[in-house]
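Here are the chains, one letter per residue:
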Amino acid sequence: MTPGISRRALPREDLQALEGYHSPQIDVPVRLNTNESPFAPPPGFIDEWLAALRELTFNRYPDRAARDLREALGTHLGQPTERLFCANGSNEVLQTLLLTYGGASRRALVFEPTYALHGHIARLTGTDVVEGERLPGFLLDPDASAALVRDTEPSIVFVCSPNNPTGTVEARDTLVALADAAADVGALLVVDEAYGEFSHWSALELVDDSRSVVVVRTYSKVWSMAALRLGFAVAPAWVVAELEKVLLPYSLSSPTQLAGVIALRHRDEMAERVATLINERERVAAALNARPELRVFPSGANFVLLQMHGDGHALWNALLEKGVLVRDFSRWPRLPECLRVTIGSRVENDAFLTAMREVLPEVAA
Ligand SMILES: Cc1ncc(COP(=O)(O)O)c(C=O)c1O
C-alpha cells in the first residue's frame, strides 16, 4: 500500500450496487401515501399507556421474552403464547425471518408486484431473490405459483395478502396450494398480513405446529401505532424458537411491549375504526370506478390501486399541486400508470375525490 494513501472501507460486494428503500415524504395538507391509520390511538389507550410508563423500572432491561405481550396477543388470536414472536415493526419480523431462513446460497421467492421490502431485505441478507409473476388483475395462479415453488426450491416464499400495493386478497385454496408446495421442498411460507384486518379472511387459520406457515402482522395500521414500531409473527412454536435465537437480546423496548398489551384492551374501538375504513374504501372505490379515465382494482386493504388510462405520473403531480399526496407507482415494472391511494379520514378522502374531479379532465385531455 502507498504510504499516506488510506483505503476507504467498502461494504459487502453484493450490497454496493443495492439502492436503499425510498418512500418520498412531502409536507402537504392531505397525506395518503404510506397506508398509515388516519386516526390517533383512542385517548383511553394513551392515558393507560402513560400511567403504565410512570410505573416502569427504566433502569432495567425489558422482558426479553415479551411474555405479557405474547400472552395477550395469543389470547386475542386464540393461539398459544409459544406461537407468537414480536419485534420492532413487521419489517423487523421479516428481517429476522430472512436472517434465520435465508442467507447465502438460499433463495426467497416473491410474486411481483408486491411489497418491495420482501426482496430488499432478502438481498440485504445475501439471499437470492426469485421473482414469480401474477395473473392480469394481480391474483396468483395457484397451480403456476405452486409449480414455481417446486421448480425453484426456495427456502422462503413470501405472499402478501392483502397485497401491497395492489390490495389483492388471495383465496384460501391458493395459500393451501402454496403451503403444500412449500412443504414438498422444505420451504417456509410467509404470509404478510400487514393489512389482514381489512380483509374478509385471514391465513391465521392455517397456522399450527404441523406445517411451515407463518403469518406476519403489524400494530402500525389498525392499531394506530406506526410511531411505536411493533409487529409480530404467528408461527409454529419450533419456528418461533429459531427466530428468538436470531433477534438481538432486549430488542423490543418496555414502552413498546406495554403499548402492545394496552392496545388490545381497546379492541372494540379498533374494530369500529376498521369498519369505518372499509366503508370509506368502498365509497372511494365506487367514486373512482365511475370515472371512465380510470381502472380501479378490488382491494381488501386500507388503500386502493388505480390505473390511469393516460399519464399516471401527470395525475400524481396534478394531485400534489392540489395538496394531496398519494403513492406514485406509475413508472414501476408491472404497474404502468398506477397510483396507490391510502384510505384516510372522511375529510381527507373527500379532499382527494374533489381534487380528482378537478384534475382528471385536464390530465386525461
Ligand atoms: C405489506 C407490508 N408489510 C410490512 C410493512 C411494514 O410495517 P411495519 O414495519 O410498520 O410493521 C408494511 C408497511 O407499509 C407493508 O405494507
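Since the structure is predicted, the reported quantities are computational estimates derived from the model, not experimental observations.

Draft legend 1. Looking closely at the overall build of the chain. Looking only at helices and strands, the chain has 12 helices and 12 strands in total. In terms of overall dimensions, the chain is globule-like: its C-alpha atoms have a radius of gyration of 21 Å, near the 21 Å expected for 365 residues. Its C-alpha atoms put the chain at 60 × 60 × 55 Å along the principal axes. Long-range pairs, those at least 24 residues apart, make up 72% of the contacts in the chain between residues at least 6 apart in sequence.

Draft legend 2. View of the packing of helix α2 (residues 43–54) against helix α9 (residues 254–264). Where α2 meets α9, the axes come as close as 10 Å, and the angle between the chain directions of the two elements is 140°. Of the possible angle classes, the one that applies to α2 and α9 is oblique. In this structure, the crossing between α2 and α9 has a hand that is right-handed. Side by side, α2 and α9 meet where Phe45, Glu48, Trp49, Ala52 and Leu53 of the first sit next to Pro255, Leu258, Ala259, Ile262 and Ala263 of the second. For the contact of α2 with α9, a count of residues per class yields nine nonpolar, no polar and one charged.

Draft legend 3. Region of interest: the domain arrangement of the chain. By the assigned domains, the chain splits into domain 1 (13–41 + 268–364) and domain 2 (54–265). Computed over C-alpha atoms only, the centres of domain 1 and domain 2 are separated by 25 Å. When contributions to the side of domain 1 that touches domain 2 are tallied by element, the ones reaching two or more residues are α10 (267–289) and β10 (303–308). No other element matches α10, which puts five residues into the side of domain 1 that touches domain 2.

Reading guide: rules and limits
- Numbers given for residues are sequential positions, taken from 1 along each chain in its written order.
- For this predicted model, a pLDDT threshold of at least 70 governs which residues receive local features, and a threshold of 80 or more governs which side-chain atom pairs are given and counted, while totals over whole chains, interfaces and linings are taken from all residues.
- Per the convention used, a helix needs a DSSP run of H or I reaching at least four residues, while a strand needs a run of E reaching at least two, with both numbered from the N terminus.
- Based on C-alpha atoms, the radius of gyration is set beside the globule rule, defined as 2.2 Å times the residue count to the power 0.38.
- For the purpose of contact definition, each residue receives a C-beta atom placed from its backbone, and two residues are in contact when these atoms lie within 7 Å.
- Simply put, an axis is a line fit to the C-alpha atoms, just over the touching stretch for a helix, and the angle between two N-to-C directions goes from 0 to 180 degrees.
- Each angle is binned into one of four classes, with values under 35 degrees roughly parallel, values over 145 roughly antiparallel, values of 65 to 115 roughly perpendicular, and all other values oblique.
- Crossings are assigned a handedness: left-handed for a near helix turned anticlockwise from the far helix by less than a right angle, right-handed for a clockwise turn.
- For this scheme, ten residues count as nonpolar: Ala, Val, Leu, Ile, Met, Phe, Trp, Tyr, Cys and Pro. Four count as charged, namely Asp, Glu, Lys and Arg, and the remainder, Gly too, count as polar.
- Each domain's extent is set by a domain assignment, obtained either automatically or from a database.

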